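Residue-level listing of the chains:
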Amino acid sequence: MTIALTSLEVAGLIRDIALITFFVIGSMGLLVGLLLGLKFYRRTRNLMDRVDAGVDRVEAMVESVDTTASTVRKTATSMNRGMRAGDIAKSAFSSVLNRRDRDSDD
């Protein structure tokens, strides 16, 4: 008793074997890719944590510099106003002394 397969049945069996092989190889490739991705993530996670910490430090430094610049700006403005007030007081004092000197000369 021999079982004879028609050419359509043989083509169907070959197609099924090819599809099963393709899906098995594809699943293995997907699994290998997943494992490599996880390994890469574990290695880069520490690097990314360090980069985030560095960015936080730089942001804090920039904020400190910004605060210092604001303080210096306020101090310079106050000193400028003080210098102007001093100049006004000096000129007023000089004009008072000059009038007294002129009055005493006459």
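The structure under discussion appears in the preceding block.
Residues numbered from 1 in each chain as written. Predicted model: local features only at pLDDT ≥ 70, side-chain atom pairs only at ≥ 80, totals over all residues. Heavy atoms only, no water.

A word on the overall build of the protein chain. Broken down by element type, the protein chain carries 1 helix and 0 strands. Its C-alpha atoms give the protein chain a radius of gyration of 44 Å, more than 25% over the compact-globule value 13 Å for 106 residues. Only carbon and sulfur atoms are counted for the fraction: they give 65% of the accessible area of the protein chain, which is about 10,000 Å². Within the protein chain, the 13 negative side-chain charges are centred at a point lying 4 Å from the centre of the 15 positive side-chain charges. (Helix = DSSP H or I, 4+ residues; strand = E, 2+ residues; numbered from the N terminus. Rg over C-alpha atoms; globule rule 2.2 N^0.38 Å. Areas by Shrake-Rupley, 256 points an atom, 1.4 Å probe, with all protein chains shown as cover. Lys, Arg positive; Asp, Glu negative; His and termini not counted. Charge placed at Lys NZ, Arg CZ, Asp CG, Glu CD.)

As a further point, take the environment of T6. Positionally, T6 belongs in the segment before α1 (7-105). Take T6: its relative accessible area is 44%, and that puts it in the partly exposed class. Along the primary structure T6 and L30 are separated by 24 residues, whereas in three dimensions their C-alpha atoms are 36 Å apart. (Buried < 20%, exposed > 50% of the residue type's maximum accessible area, 1.4 Å probe, protein only.)

Further remarks concern a negative patch on the surface. Side chains of D49, D52, D56, E59, E63 and D66 sit close together on the surface and give a patch of like negative charge. Relative to the assigned elements, D49 resides in helix α1. (Patch = residues over 30% accessible without salt bridge, like charges linked within 9 Å, V, L, I, M, F, W, Y side chains within 5 Å. Salt bridge = Lys/Arg side-chain N within 4 Å of Asp/Glu carboxyl O.)

Right, let's get into a nonpolar patch on the surface. On the surface, I3, L5, V10, L13 and I14 cluster together into a nonpolar patch covering about 500 Å² of accessible area. Turning to its location among the elements, L5 is positioned in the segment before α1. In this structure L5 comes out as partly exposed when scored by relative accessible area, which is 48%.

Tallying each qualifying case throughout the model produces 1 salt bridge. A salt bridge links D16 to R15, with the shortest nitrogen-to-oxygen separation between them at 3.3 Å. Among the residues examined, D16 registers a relative accessible area of 34% and is labelled partly exposed.

So, on to the environment of D16. Here D16 shows up in helix α1. Only 3.3 Å separates the side chain of D16 from the side chain of R15, close enough to count as a polar contact. (Polar contact = N/O pair within 3.5 Å; in protein donor to acceptor, adjacent residues only side chain to side chain.)

Read these as layout, nothing more, since geometry by itself doesn't imply function.
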